[in-house]
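# Structural features, examined
Below, each chain spelled out in residue letters.
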Amino acid sequence: KLKKSATTLLPAELTLLRAALDKAVTAAEAARPQQASSASVVANPADAAAPPATAASDSQVGDWNAQIEAEILGITDEQEIKKLKQRNMVLAEVVQSEQSYCASLETVYEHYYQPMRAGRAPGFTQSDFKTIFGAFGSLLEFHRGLLQRLQREYDMLTNADDRAHYSAAPIALLFKQWAPGLKFYRPYASQYQAAAECVNRLAGGIDASGAATPSNIWMQTQKQKCNGRDLGFFLIAPIQRIPRYVM
C-alpha cells in the first residue's frame, strides 16, 4: 500500500496540490470544521508531536477574524460569515499541520541525521547514511522555508493591526509558488523501501553470540530520546505527506 502511494500519487502531486489548495481556500465551506480538526491530524504519525495549543482556540480565532473580515468587506449575510469562519479554521489547520510535520523532521535531524552524518552512530557506515536519508536534507530545507513563509503570512492574516492582509489569497499563492519543491519527494519515495530495509537490519542486529550489535544498541538509545518512536516511525511521515496536502 505504501509503495502504491509513493508511485501513483507523487507523479501528479503538483496538479493535485494546486487544485486542492485553490478549492480549499476559495470554497472552504465544503469542509466541515470537525473534519479539519480531527481526521486529518490523526492520519499522520508525525502530527503526534503537535505544538502546544495557544491561549485562544482555533474556533475562537477563526470566529474573531471572520467577524473582522466581514466588517471590512461589508458582509452582513450570516451564511457568508459562516463560510469565512470555516475557511479560517481550515487555514489554522494547514499551519498547525505544517508545524507538526516540521517538528517531526527536526527530530529526525537532531537525533538521527546529524549523528550518522558525523560518524557518531556506532555500526553505521556512510553508505548506510546515504541509503537511509537520501533526499531527506533537501526535504528538510524545503519545509523549513515553507513553514517560515507560511507562518509569516498567517500571522499577518490574524493580526488585528494589519487589516490589509485579511485575504487568504497570499497563502494560496504561497503554496503555488513553493509547489515545485515537492520534486524532492520523488527521490525520497523511490528510495524509501531500501531505507526501511537498511534501518530494520541495523536496528535489529544480533551478533554471533546472540548479543545486540552496536547499531542495535544505539538505535534503541535514540528511540528513547524520541519518546519511544524509532527511526522507521519518522521515515514514513514524508511518504504520507503529499496525500495530506491534497486532503
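Since the structure is predicted, the reported quantities are computational estimates derived from the model, not experimental observations. (Residues numbered from 1 in each chain as written. Predicted model: local features only at pLDDT ≥ 70, side-chain atom pairs only at ≥ 80, totals over all residues. Heavy atoms only, no water.)

### Topic: the overall build of the protein chain
Worth spelling out the cut-off: Helical segments are the DSSP runs of H or I of at least four residues, strand segments are the runs of E of at least two, and each set is numbered from the N terminus. Each residue's exposure class comes from its accessible area (1.4 Å probe, protein chains only) as a fraction of the maximum for that residue type: buried when under 20%, exposed when over 50%, partly exposed otherwise. To be clear on the numbers: accessible area is Shrake-Rupley with a 1.4 Å probe, and residue cover counts the displayed protein chains and nothing else.
Tallying secondary structure elements over the protein chain gives twelve helices and zero strands in all. Going residue by residue from the N terminus, the α and β elements of the protein chain occur as α-α-α-α-α-α-α-α-α-α-α-α. Looking at the protein chain residue by residue over its 247 residues, the buried ones come to 41%. By element, 55% of the accessible surface of the protein chain is carried by carbon and sulfur atoms, the whole surface being about 12,700 Å².

### Some thoughts on helix H9 (residues 185-203)
Condition: We define the bend at each residue as the angle formed by axes fitted to the 7 residues ending at it and the 7 residues starting at it.
The largest bend in H9 is about 50 degrees, located at Tyr192. For H9, the complete set of buried residues consists of Tyr185, Tyr188, Ala189, Tyr192, Ala195, Ala196, Cys198, Val199, Leu202 and Ala203.

### Regarding the packing of helix H6 (residues 126-133) against H9
The axes of two packed helices give the description: the angle between them and the distance between them. Basically, it comes down to this: Axis definition: a line fitted to C-alpha atoms, limited for helices to the stretch in contact. Angles are taken between N-to-C directions and run from 0 to 180 degrees. Each angle is binned into one of four classes, with values under 35 degrees roughly parallel, values over 145 roughly antiparallel, values of 65 to 115 roughly perpendicular, and all other values oblique. Should any heavy atoms of two residues lie within 4.5 Å, those residues are counted as being in contact.
Packing of H6 against H9 brings their axes to within 6 Å, and their N-to-C directions diverge by 130 degrees. Our classification of the angle between H6 and H9 gives oblique. Across the interface between the two elements, Asp128, Lys130, Thr131, Ile132 and Phe133 from H6 touch Tyr188, Gln191, Ala194, Ala195, Cys198, Val199, Arg201 and Leu202 from H9.

### Overview of the confidence of the model for the protein chain
How we decide: Summary of the metric used: pLDDT quantifies the predictor's per-residue confidence within the range 0 to 100.
When pLDDT is averaged along the protein chain, the result is 75; 63% of the residues meet or exceed 70. Per-residue pLDDT, averaged within each element of the protein chain, yields its smallest value for helix H3 (residues 33-42) (36) and its largest for H6 (97). The model gives residues 1-14 a pLDDT under 50, and that stretch makes 23 contacts with residues more than four places away or in other chains. Every residue in residues 24-56 is under pLDDT 50, and counting partners more than four places away or in other chains gives 52 contacts.

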